[in-house]
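These are the residues of each chain, in order.
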Amino acid sequence: MSATSAPQTLSTGAHPDPARADVGLTFVSTWSTGSPERQRATLIAIARAWESRPWPHPGLLSYNVYAGSDGSTVLHFSQWRDEESYQEFFAQAGNGRDARNGDIDAAVPGIERLGLNKTRLYRSWTGGSGERREPGAIVIVQVDFDAPDTGRARAWADGVLAALNSDPVEKGGLLSAHFHISADGSRVVNYAEWESEEAHVDALAAAGAGIGSPTPEWREVREFPGVVHDDAVARYRFAYGFLPR
């Protein structure tokens, strides 16, 4: 794609649709900036790096960044048509990943890249309302298994969906949950949309109510075999979204 034929980059304040049908791959990555001041500077640098360039590839469907409630982390959530699209973006010299990261690192040296999850959306829970509501907070839940096994990762996600659907208690501000499975089947990344950060904090603090009531279905989730890490939970607020214009 030449620079003259590439569409421009549109900055939008609208959240992405995690369940859009044309997405083949979703990348979820986290950066650590070290302080609230550096977090703000990083978000500004990301916006400049993207808004100053044309859209990099037709296979990139959306690129979104979020500020962690810890005052340090930055979440990247990008939706791709397929693996080939990402590899072509990665290989570009002037309009690819490295050029953008170079600008960002020049503005905020010392950003730590904590990891990149290449995932595919498996299933989503939306509460059955059929109405999409704009979330006030995004919660990322990461669940790791003791060995790669896509079938087992899917079974765990199926169990959570069954528990959500059978839970007799109101979901306490949970709007949706989107279960992404890593390419090697060793991890599930749940992108959950909540009414607010406070709603999620309250749900975690509730004893025997809200998300995770003491039902047989939730007990099966908590006792699911092979789970080695299920307490990686982080809250974010939406900062920027980028789309092709």
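Everything numeric here is computed off the predicted structure, so don't read it as measured data.

**Structural notes on the pattern of salt bridges**
Opposite charge on two side chains allows them to pair when their charged atoms are near. Under the counting rule described, the total for this entry stands at 12 salt bridges. For Arg 40, the salt bridge identified is with Glu 37, shortest N-O distance 3.9 Å. Note that Arg 40 and Glu 37 are positioned in helix H1 (residues 36-51) at a spacing of three residues, about one turn of the helix. Ionic pairing is found between Asp 146 and Arg 152, a salt bridge with its closest N-O pair at 2.7 Å.

**A closer look at the packing of H1 against helix H3 (residues 97-107)**
For the pair H1 and H3, interaxial distance at closest approach is 9 Å and the crossing angle is 145°. As for the relative orientation of H1 and H3, their crossing is right-handed in sense. On H3, the residues that touch Thr 42, Ala 45, Ile 46, Ala 49 and Trp 50 of H1 are Arg 100, Asp 103, Ile 104 and Ala 107. Residues belonging to the contact of H1 with H3 are distributed by class as follows: six nonpolar, one polar and two charged.

**What to know about helix H4 (residues 150-166)**
For H4, with 17 residues, the first-to-last C-alpha span of 24 Å sits near the 24 Å given by 1.5 Å per residue. For H4, the complete set of buried residues consists of Arg 152, Ala 153, Trp 156, Ala 157, Val 160, Leu 161, Ala 163 and Leu 164. If you follow the buried residues of H4, they end up packed against strand E5 (112-125), strand E6 (137-145), strand E7 (174-182), strand E8 (187-194), helix H6 (216-222) and strand E9 (227-244). N-capping of H4 is provided by Asp 149, with a side-chain oxygen placed 3.1 Å from the backbone N of Gly 151.

**Some details on the packing of aromatic side chains**
The tally for this structure, following the rule as stated, stands at 16 aromatic pairs. Ring geometry for Phe 27 versus Trp 80: centroids 6.2 Å apart, planes at 75°, classification edge-to-face. Residue Phe 27 is located in strand E2 (residues 25-32), and its partner Trp 80 is located in strand E4 (residues 73-80); the two are separated by 53 residues in the primary sequence. Each member of the pair, Phe 27 as well as Trp 80, carries the same accessibility label: buried. Ring plane angle 25° and centroid distance 4.4 Å describe the contact between Phe 27 and Tyr 86, whose orientation is recorded as stacked. Here Tyr 86 lies in helix H2 (residues 83-91) and Phe 27 lies in strand E2, a separation of 59 residues in the sequence. Judged by relative accessible area, which is 10%, Tyr 86 ranks as buried. By way of ring pairs, the aromatic residues Phe 27, Trp 50, Trp 55, Tyr 63, Trp 80, Tyr 86, Phe 89, Phe 90, Tyr 240 and Phe 242 are connected into one cluster. When the ring centre of Trp 50 is taken as reference, the NZ or CZ atom of Arg 100 above it lies at 4.1 Å. Positioned above the aromatic ring of Trp 31 is the side chain of Arg 113, whose terminal nitrogen or guanidinium carbon lies 4.1 Å from the ring centre.

Conventions and cut-offs
Residues numbered from 1 in each chain as written. Predicted model: local features only at pLDDT ≥ 70, side-chain atom pairs only at ≥ 80, totals over all residues. Heavy atoms only, no water. Salt bridge = Lys/Arg side-chain N within 4 Å of Asp/Glu carboxyl O. Helix = DSSP H or I, 4+ residues; strand = E, 2+ residues; numbered from the N terminus. Axes fitted to C-alpha atoms, helices over the stretch in contact; angles between N-to-C directions. Left-handed = near helix turned anticlockwise from the far one by under 90°. Contact = heavy atoms within 4.5 Å. Nonpolar A, V, L, I, M, F, W, Y, C, P; charged D, E, K, R; others polar. Expected span 1.5 Å × (residues − 1). Buried < 20%, exposed > 50% of the residue type's maximum accessible area, 1.4 Å probe, protein only. Polar contact = N/O pair within 3.5 Å; in protein donor to acceptor, adjacent residues only side chain to side chain. Phe/Tyr/Trp six-rings, centres within 6.5 Å; stacked < 30°, edge-to-face > 60°. Lys NZ or Arg CZ within 6 Å of the ring centre and 35° of its normal.

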